[in-house]
Amino acid sequence: MMKKKSVPASKPFLILFLCQIISALDVPLDSKLLEELSQPPTITHQSPKDYIVDPRENIVIQCEAKGKPPPSFSWTRNGTHFDIDKDEQVTMKPNSGTLVINIMNGGKAEAYEGVYQCTARNERGAAISNNIVIRPSRSPLWTKEKLEPNQVREGDSLVLHCRPPVGLPPPIIFWMDNAFQRLPQSERVSQGLNGDLYFSNVQPEDTREDYICYARFNHTQTIQQKQPISVKVFSMDSLNDTIAANLSDTDIYGAKPVTERQPVLLTPTGSTSTKVELRGNVLLLECIAAGLPTPVIRWIKEGGELPANRTFFENFKKTLKIIDVSEADSGNYKCIARNTLGSVHHVISVTVKAAPYWITAPRNLVLSPGEDGTLICRANGNPKPSISWLANGVPIAIAPEDPSRKVDGDTIIFSHVQERSSAVYQCNASNEYGYLLANAFVNVLAEPPRILTPANKLYQVIADSPALLDCAYFGSPKPEIEWFKGVKGSILRGNEYVFHDNGTLEIPVAQKDSSGTYTCVARNELGKIQNEVHLEIKDPTMIIKQPEYKVVQRYGQVSFECIIKHDSTLLPTVIWLKDNHELPDDERFLVGKDNLTIMNVTDKDDGTYTCIVNTTLDSVSASAVLTVVAAPPTPAIIYARPNPPFDLELTGQLERSIELSWIPGDENNSPITHFIIEYEDGLHEPGVWHYQTEVPGTQTTVQLKLSPYVNYSFRVIAVNQIGRSQPSEPSEQYLTKSASPDENPANVQGIGSEPDNLVITWESLKGFQSNGPGLQYKVSWRQKDVDDEWTSVIVANVSKYIVSGTPTFVPYEIKVQALNDLGYAPEPSEVIGHSGEDLPMVAPGNVQVHVINSTLAKVHWDPVPLKTVRGHLQGYKVYYWKVQSLSRRSRRHVEKKILTFRGNKTFGMLPGLEPYSSYKLNVRVVNGKGEGPASPDKVFKTPEGVPSSPSFLKITNPTLDSLTLEWGSPTHPNGVLTSYILKFQPINNTHELGPLVEIRIPANESSLILKNLNYSTRYKFYFNAQTSVGSGSQITEEAVTIMDEAMASRQVDIATQGWFIGLMCAVALLILILLIVCFIRRNKGGKYPVKEKEDAHADPEIQPMKEDDGTFGEYSDAEDHKPLKKGSRTPSDRTVKKEDSDDSLVDYGEGVNGQFNEDGSFIGQYSGKKEKEPAEGNESSEAPSPVNAMNSFV
């Protein structure tokens, strides 16, 4: 429920405006309620202000009104009382104010010309109609005049004047020839707005004697014809040959050739002109120029652009047309005519005036005694209209005084009204171009609340769908509506409900727990009433096993499943479709409870099968495709298409029938199911074969129906389960006699392509349907509901005829009849068509916006009168766009959104709005021609919503017991930020969360220092923003405070300790030694130098070193040349003597330097020593080399 707010006394206008909104009640169209409530009269229907009548028919002046009690009617004529009872020609319809003036029984329409006004009166007031000006239409004959033939030289300009008689209303002008064919028009030849026919330059082909101007008077449905005008164009060549001898040298018809000329304006004349047009009308400006070559016309607006979407060029750009003109279209319009020799221009100064038009028309008020209200009447125009008020049809200055009423210019203020204050007030806004008159009643009622929705009404809704519970009500003062759930439930509030102004309760997403009894309570100061309704929520219908794609062989069987789940209280119906159409009427299709089975499948069964499940509340569907493939061949039997029939014979020839017989070909193991008979029309469509009929496979003769004027040939095709045979050879030809047509064209339509024409189209008869030569069509039309005679024209064998000069979007009765040289077809049926549409004239009025929540709004509008749609009503378009965010005053690029509502819908929802923003919208009506003018922009604002998360959260400057937080405001505040909410809690080593602390921070802060925190502790932070609506989404972050300084001092930096530095140096040295070992191994491997040993201990079995290659010798076996193993060699006597060789194993086996490589080579002695020590010593006196030391270390 909305809270009521007090209004400062310094704003009386706002108070009155609010009072009008709050106090003005709409009376529901409930028949029982309307019978009980008193209501002042309201005019519901009246004749137009300017009413032109047909002088041959009775005059009917409409005046209908409603009220309680029913109103009585009276009339004035030319400002004085019109006593109907004294004129026997005038009657008033029963229970109506409509006058019928009998003209057809002796009355004269001219005697009843004048200004009429109707008054509808009851005990609560009097309403009056507009001033209705009655004028009979006039269609005078053309004045007789002597028309001289027009003789003109080739290349000169020419104007054929029409000068039609002055009629009421003005006639529609068009030029035709003696054959009633429209004269062709082009950039060179065209008709002006005044009806004259203009030739920019004449050509020899313009010579003719039947230029005829026609004037069509629509009200009397008559066409007047001017006498034919003759035009003869002389070329220079013919003049030189025929009449040169009769002309002087200075005669106009000299021997000069056709010369080109620069443009000259034929109309308008001079260099400037003026034009006054009324707002909302169509502005037509015209420029027609003479010249050779034919000038081209171009239009510009000085100091501005031609209005987009409202500018059209007609008559080969010679006419500039601007629809729905406004004051902004005033200005100077220049037409420029140009050809290769030059140009000429004309400036038309346009002034747009305006008859009065409504800004705010007064609206009916329903008030209760003691309430206040206002009637506002605001209109605009050019010049500014004057506003005057009447009460019950009498000028308010002389009307009976009412102490509750005060007139303030365009506003009447009512204070503390009583029942005697009920009356009908008229507002008249007028200027020199017209007037507006509006009736608005003030009905003072004191009525206790009434609920019009039936008691205990049951609503059933599918779960997760919207539920709308009605509570239609009435009362005066306007009752307040409250909803309760259950017997003792509390009043319903919250975002899960939407409360509509008409009392309806909406549950946007109804759930199972939404079921139950709901109570609507209506109360005002005169009483209280309540009503209960019941809501049941049903489970949605689902297809739990859908049909699947199937491939089946021909003549096989296939089944589609469709297993459903539904609410137990709903009765589902299952429908199967094939290719979105009903299943074929074939016993092969078997529909089960939850499946569809197709027996003996054929190729025709290929397609998409859809299972549709309907309940009274919802509907679901699922589809699958069936593909039929050929069955595998049976080895024993070969099936094939049948052979073609043969020996065709024609017998029993008659005018409209003949008998055809044939002999079937071989069936090829598949019985023939039927024969197809086709025919060829050798007279109209040779070589094209058409389907004639088909007969069962057991039949070999058929009686064929024939059409007249056709040269028939026949052929027969046999069909079995495999397919169709080749066609038989054609029969002999048979030519039937001619006759009148048997049928008329099909698909007759009447649709206008322009606002002033009617395009009648039909499907032409085929050649054989003509039944004879000379096929033509009789096209007839008349305006519907006008009691007019048919207008007919006979056209050649075409399929379209254009009727010009029609009123915009009126219904026509149309018929098209075929005929040929032998006669007419039967009388055709009539169809209804419409002349061309034009853009809608007015915008939807009373556009209202109801903001439902921060992202959704509902827009209402009044439908435009159908007569102003000027076409087929297609719907309404709502244009809406965001103007600015209320929390950020910066504007942005406007992106307009469009929603289309089909049909005569008068409301719609606007989804996806941004909270706390200002929007504008307007509404336009749409017909087949396009969009009408936009309604005035309506401004509305969305309320606040919850904000988005803060744009960032940074945590800096950690200390022992504090952290600094910095953040950014939300990207989308969606309202006015009220505060920030910070929550945080510690996290221990096992990732468990500690107690949660919450802090509220003012909205204008952007940083915070948190103190008194624990040292060396991780904290988790949760941060979000708030508006008055609630909290937005949060952002999280984690941070750690630093350690205690005492504890930090006990943590020794290992990198500064001496033992650690020494250890690292030793490791580095070890790595260096290893690298040296790897390098030596790579270069020496299992080989080593022995030259010095060979010199000291000669051995005949040892190969000497070659002097020339500089390489070391190697130990080898003299017998098998195997490499020395273990670095030793045994003499031939298999003994080893120490004194024989210093190079014995004794020297190496126990020594520090006696080491072997992994490949078995000895490296100690030869790599470590230069000379051999004496045999007595086993150890070297030399200091060990680095290599020896390395070997020892390894």
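From a predicted model like this one, the values you see are computed outputs, not experimental measurements.

J.: Explain the overall build of the protein to me, please; I cannot follow it from the model alone.
T.: Looking only at helices and strands, the protein has 10 helices and 85 strands in total. Residues counted as buried form 40% of the 1194 residues belonging to the protein. Taking the intrachain contacts of the protein between residues at least 6 apart in sequence as the baseline, contacts between residues at least 24 apart amount to 65%.

J.: Please clarify how the packing of aromatic side chains should be interpreted in this entry.
T.: Two aromatic rings, taken as a pair, are described by how far apart their centres are and by the angle between their planes. Using the criterion set out here, one finds 21 aromatic pairs in the structure. A ring pair is formed by Phe984 and Phe1021, whose centres lie 5.7 Å apart and whose planes are at 35 degrees; its orientation type is tilted. With Phe984 in strand E81 (residues 979–987) and Phe1021 in strand E84 (residues 1018–1026), the pair connects residues that are 37 residues apart, well separated along the chain. There is no split in this pair, since Phe984 and Phe1021 are both buried. Aromatic rings pair up to connect Phe174, Phe180 and Tyr214 into one cluster. The ring centre of Phe560 lies 5.4 Å from the NZ or CZ of Lys550, which sits over that ring. Over the aromatic face of Trp790 sits the side chain of Lys815, whose NZ or CZ is 4.3 Å from the ring centroid.

J.: Help me understand the side chain of Glu447 in this model?
T.: Within the secondary structure, Glu447 is located in strand E38 (residues 447–451). On the basis of relative accessibility, which here comes to 14%, the residue Glu447 falls in the buried class. A polar atom in the side chain of Glu447 sits 2.6 Å from the side chain of Arg450. Non-local contacts of Glu447, meaning those with residues more than four positions away in its chain, are made with Leu37, Phe474, Gly475, Ser476, Asn524 and Leu526.

J.: Looking at this model, I keep getting lost on the sheet that holds strand E60 (residues 685–696). Mind explaining?
T.: In a beta sheet, neighbouring strands are held together by backbone hydrogen bonds and run either parallel or antiparallel to one another. A sheet is described by the order of its strands in space; here four strands give the open sequence E60-E59-E62-E63, paired in antiparallel fashion. The sheet is open, and its two edges are formed by E60 and strand E63 (734–735), each paired on a single side. Where strand E62 (residues 711–720) lies against E63, two bridges are found, and the strand directions are antiparallel. Each bridged residue has a counterpart across the sheet, and for Tyr712 the counterpart in E63 is Tyr734.

J.: In this structure, what is going on with the state of the cysteines? I would like to understand it.
T.: When the sulfur atoms of two cysteines share a covalent bond, that bond is a disulfide. Throughout the structure, instances matching the rule amount to six disulfides. Sulfur-sulfur distance for the disulfide between Cys63 and Cys118 comes to 2.0 Å. Looking down the S-S bond of the Cys63 and Cys118 bridge, the torsion is -70 degrees, so its handedness is left-handed. Of this pair, Cys63 sits in strand E4 (residues 63–68) while Cys118 sits in strand E9 (residues 114–122); the two residues are 55 residues apart in sequence, bridging distant segments of the chain.

J.: Would you explain the environment of Glu813 in this entry?
T.: Along the chain, Glu813 turns up in strand E69 (residues 811–820). C-alpha of Glu813 to C-alpha of Trp790: the two residues are 23 residues apart in sequence and 8.9 Å apart in space. Every residue in contact with Glu813, bar those within four places of it in the chain, is listed here: Ser780, Trp781, Arg782, Lys784, Trp790, Glu830, Val831 and Ile832. Polar contacts involving the side chain of Glu813 include one to the side chain of Arg782, which spans 2.6 Å.

J.: Would you mind going over the nonpolar core with me for this structure?
T.: Across soluble globular proteins, nonpolar side chains show a tendency to be buried alongside one another. The biggest cluster of nonpolar side chains holds 29 residues, and the ones touching the most others in it are Ile59, Ile61, Trp75, Ile101 and Tyr116. Broken down by element, this core gets its largest block of residues, three residues, from E9. Not counting residues up to four positions away in its chain, the partners in contact with Ile101 are Asn58, Ile59, Ile61, Gln89, Val90, Tyr112 and Tyr116. Ranked by size, the runner-up nonpolar core spans 21 residues in total, among them Ile451, Leu469, Ala522 and Ile537.

J.: Would you take a moment to explain the environment of Pro204 for this structure?
T.: Mapped onto the secondary structure, Pro204 falls in the loop between strand E16 (197–199) and strand E17 (208–217). Given a relative accessible area of 37%, Pro204 falls into the partly exposed group. Here the alpha-carbon distance between Pro204 and Gly155, two residues 49 residues apart in the chain, equals 9.1 Å. Leaving out residues up to four positions away in the same chain, Pro204 has contacts with Glu154 and Val233.

J.: Could you clarify how one ought to interpret the pattern of salt bridges in this entry?
T.: If charged atoms from side chains of opposite charge come close, those side chains can pair. Tallied over the full model, the rule gives 39 salt bridges. In this structure, Lys882 and Glu914 form a salt bridge, with 2.5 Å as the shortest nitrogen-oxygen distance. One end of the pair, Lys882, is in strand E74 (residues 873–885); the other, Glu914, is in the loop between strand E76 (907–910) and strand E77 (917–927), and 32 residues separate them in sequence. Given the relative accessible area of 27%, Glu914 is considered partly exposed. Among the ionic pairs, Lys983 bridges to Glu998, the shortest N-O distance being 3.9 Å. Here Glu998 lies in strand E82 (residues 997–1002) and Lys983 lies in strand E81, a separation of 15 residues in the sequence. One network of salt bridges, in which partners are shared, links Arg153, Asp156 and Arg261.

J.: Looking at this model, I keep getting lost on a nonpolar patch on the surface. Mind explaining?
T.: Residues Trp1059, Leu1063, Met1064, Val1067, Leu1069, Ile1071, Leu1072, Leu1075 and Ile1076 make up a contiguous nonpolar surface patch of about 880 Å² in total accessible area. Relative to the helices and strands, Leu1075 is located in helix H6 (residues 1058–1084).

J.: Mind showing me how you'd approach a negative patch on the surface here?
T.: On the surface, Asp647, Glu649, Glu659 and Glu732 cluster together to form a negatively charged patch. Position of Glu649 among the secondary structure elements: in strand E57 (residues 646–651).

J.: Looking at this structure, how should I read unusual backbone geometry?
T.: The bulk of non-glycine residues show a negative phi, and the bulk of peptide bonds are trans. Of note, the amide linkage connecting Lys68 to Pro69 takes the cis form, showing an omega dihedral of 5 degrees. Along the polypeptide, Pro69 turns up in the loop between E4 and strand E5 (72–77). The step from Thr267 to Pro268 runs through a cis peptide bond, and the omega angle for that step is -5 degrees. In this structure, Pro268 sits in the loop between strand E20 (261–267) and strand E21 (272–278). Backbone geometry at Asn392 places phi at a positive 55 degrees, although glycine is not the residue there. Looking at the element boundaries, Asn392 is found in the loop between strand E32 (386–391) and strand E33 (394–395). The exposure class assigned to Asn392 is partly exposed, which follows from its relative accessible area of 24%. Positive phi, close to 70 degrees, is recorded for Asp464, a residue that is not glycine. Considering the arrangement of structural elements, one finds Asp464 in the loop between strand E39 (457–462) and strand E40 (467–469).

J.: What exactly am I supposed to notice about the sheet that holds strand E80 (residues 963–970) here?
T.: Taken together, the three strands give an open sheet; going across it, the order is E79-E80-E83, and neighbouring strands pair in antiparallel fashion. The open sheet has two free edges, formed respectively by strand E79 (950–956) and strand E83 (1007–1010), since each of these has just one partner strand. Shown here is a sheet whose adjacent strand axes are inclined to one another by a mean of 20 degrees, direction ignored. Across four bridges, the pairing between E80 and E83 is antiparallel. Of the residues in E83, the one forming a bridge with Leu965 is Leu1008.

J.: Help me understand the environment of Thr1041 in this model?
T.: By secondary structure assignment, the location of Thr1041 is in the loop between strand E85 (1035–1040) and helix H5 (1045–1050). For the pair formed by Thr1041 and Arg1018, sequence separation is 23 residues and the distance between their alpha carbons is 6.7 Å. In contact with Thr1041, other than residues within four places in its own chain, are Thr959, Leu960, Ser962, Leu963, Leu1013, Asn1014, Tyr1015, Ser1016, Thr1017 and Tyr1019. A distance of 2.9 Å separates the side chain of Thr1041 from the backbone nitrogen of Ser1016, its partner in a polar contact. A distance of 2.9 Å separates a polar atom in the side chain of Thr1041 from the backbone nitrogen of Thr1017.

J.: I keep staring at the side chain of Glu286 and nothing clicks. Help me out?
T.: Take Glu286: it is sitting in strand E22 (residues 283–286). Lys318 provides the closest opposite charge to the buried, salt-bridge-free Glu286, at an N-O distance of 8.4 Å. At a separation of 2.7 Å, a polar atom in the side chain of Glu286 contacts the main-chain amide nitrogen of Leu193. Excluding residues within four positions of it along the chain, Glu286 makes contact with Gln191, Gly192, Leu193, Thr267, Pro268, Trp299, Asn315, Lys318, Thr319 and Ile348.

Calculation rules
Here the residue numbering is sequential within each chain, running from 1 through the sequence in written order. Two thresholds apply to this predicted model, a pLDDT of at least 70 for residue-level local features and 80 or more for giving and counting side-chain atom pairs, whereas whole-chain, interface and lining totals are computed over all residues. With hydrogens and water excluded, all non-hydrogen atoms of the structure serve as input to the side-chain values. Only DSSP runs of H or I with at least four residues qualify as helices, and only runs of E with at least two residues qualify as strands; both kinds are numbered from the N terminus onward. The classification of residues rests on relative accessible area computed with a 1.4 Å probe and restricted to protein chains. Under 20% of the type maximum is buried, over 50% is exposed, and intermediate values are partly exposed. In what follows, a contact means two residues having at least one pair of non-hydrogen atoms within 4.5 Å. Pairing of aromatic rings covers Phe, Tyr and Trp, the last through its six-membered ring, and needs centres within 6.5 Å; plane angles under 30 degrees mean stacked, over 60 mean edge-to-face, and all others mean tilted. Cation placement over rings: the criterion is NZ of Lys or CZ of Arg within 6 Å of the ring centroid and within 35° of the ring normal. For this analysis, a polar contact is any N or O atom pair within 3.5 Å, provided that within protein one partner can donate a hydrogen and the other can accept it, and provided that sequence-adjacent residues contribute only side-chain to side-chain pairs. For two strands to be treated as a pair, DSSP must find no fewer than two bridges joining them. Note on terminology: disulfide denotes any pair of cysteine sulfur atoms within 2.5 Å. Residues belong to one nonpolar core when they are buried, are Ala, Val, Leu, Ile, Met, Phe, Trp, Tyr or Cys, and are joined through side-chain atoms within 4.5 Å. Throughout this description, the term salt bridge denotes a Lys or Arg side-chain nitrogen within 4 Å of a carboxyl oxygen of Asp or Glu. Every patch collects residues that have over 30% relative accessible area and no salt bridge, joining them within 9 Å if they carry like charges and within 5 Å if they are nonpolar side chains (Val, Leu, Ile, Met, Phe, Trp, Tyr). A 1.4 Å probe and the Shrake-Rupley method give the accessible areas. Residues count as covered only by the protein chains that appear here. His is not counted, nor are the chain ends; Lys and Arg add positive charge and Asp and Glu add negative charge. Charged groups are reduced to one reference atom each: NZ for lysine, CZ for arginine, CG for aspartic acid, CD for glutamic acid. An axis is simply a line fitted to the C-alpha atoms; with a helix, the fit covers only the stretch in contact. Between two such axes, the angle follows the N-to-C directions and lies from 0 to 180 degrees.

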